[in-house]
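Each chain, letter by letter, is given below.
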Amino acid sequence: MPFSSLDDTAAQFERVRGACEHSGRGRESIMLSAAQVLCVGENEAEIERRALKIGREVSELRTNGLAGTVDEVVEKIQSFAKAGAQRMYLQVLDLSDLDHLRLVAEQVMLRVA
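All values derive from a computational prediction rather than experimental measurement. (Residues numbered from 1 in each chain as written. Predicted model: local features only at pLDDT ≥ 70, side-chain atom pairs only at ≥ 80, totals over all residues. Heavy atoms only, no water.)

A. Structural view of the nonpolar core. In terms of nonpolar packing, the biggest core is built from eleven residues, these being Leu38, Val40, Leu66, Val70, Val73, Val74, Ile77, Val92, Leu103, Val104 and Val108. At the level of secondary structure, the elements contributing two or more residues to this core comprise β1 (33-41), α4 (70-82) and α5 (98-112). Discounting chain neighbours no more than four positions away, the residues touching Val92 are Leu38, His100 and Leu101. Listed in part, the seven residues of the second largest apolar core include Val37, Cys39, Val58 and Leu61. (Core = buried A, V, L, I, M, F, W, Y, C linked by side-chain atoms within 4.5 Å. Buried < 20%, exposed > 50% of the residue type's maximum accessible area, 1.4 Å probe, protein only. Helix = DSSP H or I, 4+ residues; strand = E, 2+ residues; numbered from the N terminus. Contact = heavy atoms within 4.5 Å.)

Encoded structure:
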């Protein structure tokens with residue numbers, strides 16, 4: 001499910017599961033995934049800097065993406081997992097920010113893998 005709210009994603013996952021059942025295929029026979037824009041930082045200043053660099057507002061990204069502190073982002077990823085997401089695609093828009101990628105690899109991924 002690309003770049004959609006948690007509620008919309010959960011609803012779509014349920015529709016897909018229903019379609020699987022209707023066609024005689026098991027509900028768990030399909031891999032469910034979600035994609036979200038990522039903007040994580042160790043503090044508010046870092047989050048704000050990263051959001052501005054990609055032309056987005058922090059508040060909008062917190063609502064419509066995976067944005068915030070490591071704890072906030074981990075919690076939101078876990079919410080998608082509870083809704084049925086088995087895989088998350090994290091869209092990183094500023095690939096030149098290697099510290100951002102390092103933060104995700106060292107602090108986010110370890111807690112959601």
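B. Geometry of helix α2 (residues 44-53). Of all the positions in α2, only Glu46, Ile47, Arg50 and Ala51 are classed as buried. Buried residues in α2, looked at end-on, bunch into an arc of 130°, giving them a common side. Exposed and oriented more than 90 degrees from the buried face of α2 are Ala45, Leu52 and Lys53. Two or three places before Ala45, at the opening of α2, Asn43 has a side-chain oxygen 3.2 Å from that residue's backbone nitrogen. Looking one or two residues beyond α2, the residue adopting positive phi is Gly55, at roughly 75°. (Arc of directions from axis to C-beta. Polar contact = N/O pair within 3.5 Å; in protein donor to acceptor, adjacent residues only side chain to side chain.)

C. Broad picture of the pairing of β1. With nine of nine residues buried, β1 lies mostly within the body of the structure. With five bridges connecting them, β1 and strand β3 (residues 87-91) associate as parallel partners. The partner of Val37 across the bridge, within β3, is Gln91. Sheet topology note: the β1/strand β2 (residues 66-69) ladder contains four bridges and is parallel. Following the sheet pairing, Val40 is matched in β2 by Gly68. (Pairing = 2+ DSSP bridges.)

D. Geometry of the pattern of salt bridges. Evaluated as defined, the whole model comprises ten salt bridges. Ionic pairing is found between Glu14 and Arg17, a salt bridge with its closest N-O pair at 3.3 Å. Highlighted residues: Glu14 and Arg17, both in helix α1 (residues 6-22), separated by three residues, approximately one helical turn. Here Arg27 makes a salt bridge to Glu14, at a shortest N to O gap of 2.9 Å. Of this pair, Arg27 sits in the loop between α1 and β1 while Glu14 sits in helix α1, placing them 13 residues apart in sequence. (Salt bridge = Lys/Arg side-chain N within 4 Å of Asp/Glu carboxyl O.)

E. Up close: the packing of α4 against α5. Direction vectors running N to C along α4 and α5 enclose 40°, while the axes themselves pass 10 Å from each other. Looking at the two axes, α4 sits oblique to α5. By crossing handedness, the relation of α4 to α5 is classed as right-handed. For the pair α4 and α5, contact is made by Val70, Asp71, Val73, Val74, Ile77 and Gln78 and by Leu103, Gln107, Val108, Arg111 and Val112, respectively. Residue classes in the contact of α4 with α5 are distributed as seven nonpolar, two polar and two charged. (Axes fitted to C-alpha atoms, helices over the stretch in contact; angles between N-to-C directions. Parallel < 35°, antiparallel > 145°, perpendicular 65-115°, else oblique. Left-handed = near helix turned anticlockwise from the far one by under 90°. Nonpolar A, V, L, I, M, F, W, Y, C, P; charged D, E, K, R; others polar.)

Taken by themselves, the reported measurements are silent on function.
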